[in-house]
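Fold and contact review
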Amino acid sequence: MALSYSSPITLALFCKVVDNYGDIGICWRLARQLQHEHGVAVTLWVDDLRSFQRICPEVQCEADVQCIAGVTVRHWRDQAGTFAPAEIADIVIEFFACDIPPGYIEAMATRPIKPVWLNLEGLTAEEWVEGCHRLPSMHPRLPLTKHFFFPGFTAKTGGLLCEAGLHAQRQAFQADRATQQAFLQRLGLTPEQSAAFKISLFCYPHAPVRSLFALWQAATQAVTCLVPEGVAVEAVQAFLQQPPIAGASATHGALTVKVLPFVPQPDYDRLLWACDLNFVRGEDSFVRAQWAARPFVWHIYPQDENLHHVKLRAFLQRYASAFPSLAQFSLYWNGALEADPVACWTALQNQLPEIADQADRWQESMLANGDLSCNLLRFAADLRAEQGKKPV
Ligand code: TRH
């Protein structure tokens with residue numbers, strides 16, 4: 001029996017926001033890309049609309065259902081509710097093993113053609129993911145099978161999210177000084193601040209930001225450090241000697257620290273493209289920094305028992321094996337190595353040109369693994385086709 005999708009394919013993506021930020025960045029990007037590039041009718045279920053609004057100002061925090069950029073956004077208030085089979089999407093994705101409402105799962109099981117059910121996992125460079133990517137897990141009670149889908153850095157994983165045309169947009173931006181200047185001016189930078197060595201700083205609160213500020217203050221060239229509002233609050237406030245609200249800035253020695261508002265995702269990309277060095281964190285900004293083709297330092301989200309240090313080392317082994325200074329600095333930045341910040345920073349600074357040179361090659365090798373959204377839809381189509389071969 002041949003099985004076809006609804007037209008257009010419907011997809012529900014369930015996203016639970018962790019720690020006021022987490023994961024909505026990735027889910028929103030994926031949702032938009034599936035809609036824009038693949039014509040999928042996406043419903044994004046989000047439990048925390050206020051966090052969502054920080055990266056997407058169009059979000060109405062009080063709305064139960066709204067449509068933004070062609071994506072249906074539903075406020076995922078609780079686990080209650082019953083659903084009719086017709087309300088269930090062709091593809092159901094739970095992000096990072098979040099528990100989707102039991103009533104929704106029950107309704108999935110009642111559909112004559114079962115939805116493709118995927119658990120989209122977090123990004124890690126560890127080798128074991130290749131063995132777990134695409135593995136099935138049978139529901140203990142219902143006739144449903146969930147599959148694990150792992151993003152990653154090799155052809156045996158789901159790859160990384162990358163919109164079509166992003167590469168060309170980034171190259172055009174970086175080749176056009178006037179556009180860059182206009183963008184930085186829009187963010188409130190003076191021509192002098194724009195002409196300095198520009199660093200964007202996005203990290204978790206435990207990063208040793210004060211020690212870096214001290215270093216950059218004593219630098220021989222002017223440094224402009226751009227920090228989103230709400231990030232590294234203590235260190236920024238201590239440097240500014242005033243509340244670190246958007247627009248605030250101060251200069252001590254060679255360093256100017258400027259607080260930026262949280263900008264919408266496309267502008268955050270431009271910020272990364274415009275800076276000479278980017279400090280990024282988590283998963284999504286980490287991947288965007290790779291597409292920015294500029295040197296970056298990753299602050300990984302902390303996990304119990306320092307599990308994140310294992311993940312950090314796995315990535316550094318792939319990305320920074322030719323750049324010991326980057327590996328050392330990253331370990332220091334993430335508290336995985338006690339080191340002298342001056343020595344770490346000086347070594348990294350000296351190697352920045354080489355690191356920048358590698359960025360394009362790294363991008364090409366990552367893109368050769370295919371974009372995550374295409375890989376995900378292909379996998380869903382394969383599962384759907386398999387279901388069609390089974391007797392019903
Ligand atoms: O939100 P994060 O801290 O995300 C993390 C990770 O995904 C991590 O794995 C997870 O478990 C943890 O949450 C709880 O950092 P991330 O992934 O970089 O997402 C931030 C998003 O915010 C990203 O999409 C970029 C976006 N952003 C803007 O749109 N504008 C801005 O001004 C800034 C600074 C960020």
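Fair warning: this is a prediction, and the values are worked out from it, not measured in the lab. All chains use their own residue numbering, which begins from 1 and follows the written sequence. Only residues with pLDDT of 70 or above have their local features reported here, since the model is predicted, and side-chain atom pairs are shown and tallied only from 80 upward, although totals for entire chains, interfaces and linings are computed over all residues. Heavy atoms from the whole structure form the basis of all side-chain values; hydrogens and water molecules are not counted.

What to know about helix H3 (residues 102-110)
- Those residues of H3 lying buried are Gly103, Tyr104, Ile105, Ala107, Met108 and Ala109.
- As for H3, its buried residues are in contact with strand S1 (10-15), strand S2 (41-46), strand S5 (91-95) and strand S6 (116-120). Relative accessibility decides the category of a residue: with a 1.4 Å probe and only protein chains considered, values under 20% of the type maximum give buried, values over 50% give exposed, and everything between is partly exposed. Only DSSP runs of H or I with at least four residues qualify as helices, and only runs of E with at least two residues qualify as strands; both kinds are numbered from the N terminus onward. Residues are treated as being in contact if the distance between any of their heavy atoms lies within 4.5 Å.

A look at unusual backbone geometry
- The backbone of Ala232 sits at a positive phi, close to 45°, despite the residue not being glycine.
- The topology assignment puts Ala232 in the loop between strand S10 (223-228) and helix H9 (233-240).
- Note on Ala232: relative accessible area 11%, which makes it buried.
- Backbone geometry places Ala293, a non-glycine residue, at a positive phi of 60°.
- Counting through the fold element by element, Ala293 comes out in the loop between helix H11 (284-292) and strand S14 (296-299).

Regarding the site of the ligand
- In the vicinity of the ligand, 23 residues are found, and the nearest of them are Tyr204, Val263, Gln265, Asp284 and Ser285.
- N or O atoms closer than or at 3.5 Å make up a polar contact, with two conditions inside protein: a donor-capable atom paired with an acceptor-capable one, and, for residues adjacent in sequence, both atoms drawn from side chains. With respect to the ligand, the side chain of Tyr204 contributes an N or O atom lying 2.6 Å from an oxygen atom.
- At 3.1 Å from an oxygen atom of the ligand is found a main-chain nitrogen or oxygen belonging to Glu283.
- Computed on the free molecule, the ligand has an accessible area of 700 Å², of which 95% lies beneath the protein chains in the complex.
- Elements with a contribution of two residues or more to the shell around the ligand: helix H1 (24-38), helix H10 (265-274) and H11. One heavy atom within 4 Å of a molecule or strand is enough for the residue carrying it to be called near that molecule or strand. Residue-level accessible areas treat just the shown protein chains as cover; the underlying method is Shrake-Rupley with a 1.4 Å probe.

Section: the sheet that holds strand S12 (residues 255-260)
- Taking strand neighbours across the sheet as the criterion, the 6 strands line up as S11-S12-S10-S9-S13-S14 in an open arrangement whose pairing is mixed. In this open sheet, the two edge strands, each paired with only one partner strand, are strand S11 (249-252) and S14. Strand-to-strand twist in this sheet, taken as the mean axis angle between neighbours without regard to direction, amounts to 15°.
- Bridge analysis of S11 against S12 gives 4 bridges, and the strand direction is antiparallel. Residue pairing for S12: Ser249 is matched across the bridge by Lys258.
- Structural elements are reduced to axes, namely lines fitted to C-alpha atoms, with helices fitted over the stretch in contact, and the angle between N-to-C directions of any two is expressed from 0 to 180 degrees. In the packing of H9 onto the sheet, contacts are made with S10, S11 and S12, and the angle to S12 comes to roughly 125°.
- This element, helix H13 (residues 324-333), spans strand S9 (197-201), strand S13 (277-281) and S14 of the sheet and lies at about 35° to S14. A pair of strands counts as paired when DSSP detects no fewer than two bridges linking them.

Concerning the pattern of salt bridges
- By convention in these notes, a salt bridge is any Lys or Arg side-chain nitrogen within 4 Å of a carboxyl oxygen on Asp or Glu. Summed over all chains, the structure comprises 13 salt bridges.
- For the salt bridge of Arg111 with Asp90, the shortest nitrogen-to-oxygen distance reads 3.2 Å. Of this pair, Arg111 sits in the loop between H3 and S6 while Asp90 sits in the loop between strand S4 (71-75) and S5, and the two are 21 residues apart along the sequence.
- The exposure class of Asp90 is buried, given its relative accessible area of 1%.
- Note that Arg288 and Glu163 form a salt bridge whose closest N and O atoms lie 2.9 Å from each other. A residue pair is termed long-range when its members are at least 10 positions apart, and Arg288 in helix H11 and Glu163 in the loop between strand S8 (145-149) and helix H5 (166-175) qualify at 125 residues.

Concerning the domain arrangement of the chain
- As far as domains go, the chain holds domain 1 (10-160 + 369-389) and domain 2 (166-367).
- Computed from C-alpha atoms alone, the centre-to-centre distance between domain 1 and domain 2 is 30 Å.
- A quick way to say it: buried area is the sum, across both parts, of accessible area lost when two parts are put together, with a 1.4 Å probe. Interface area for domain 1 against domain 2, summed over the two sides, is near 2,200 Å², with a carbon-plus-sulfur share of 55%.
- Sorting the residues of domain 1 by area buried against domain 2 places Arg29, Arg54 and Phe153 first, and these three jointly supply 27% of that buried surface.
- Linking domain 1 with domain 2 are 1 salt bridge, by the criterion used here.
- Where domain 1 packs against domain 2, one counts 10 residue pairs in polar contact (both at pLDDT 80 or more). Segment limits for the domains were obtained from an automatic or database-derived domain assignment.

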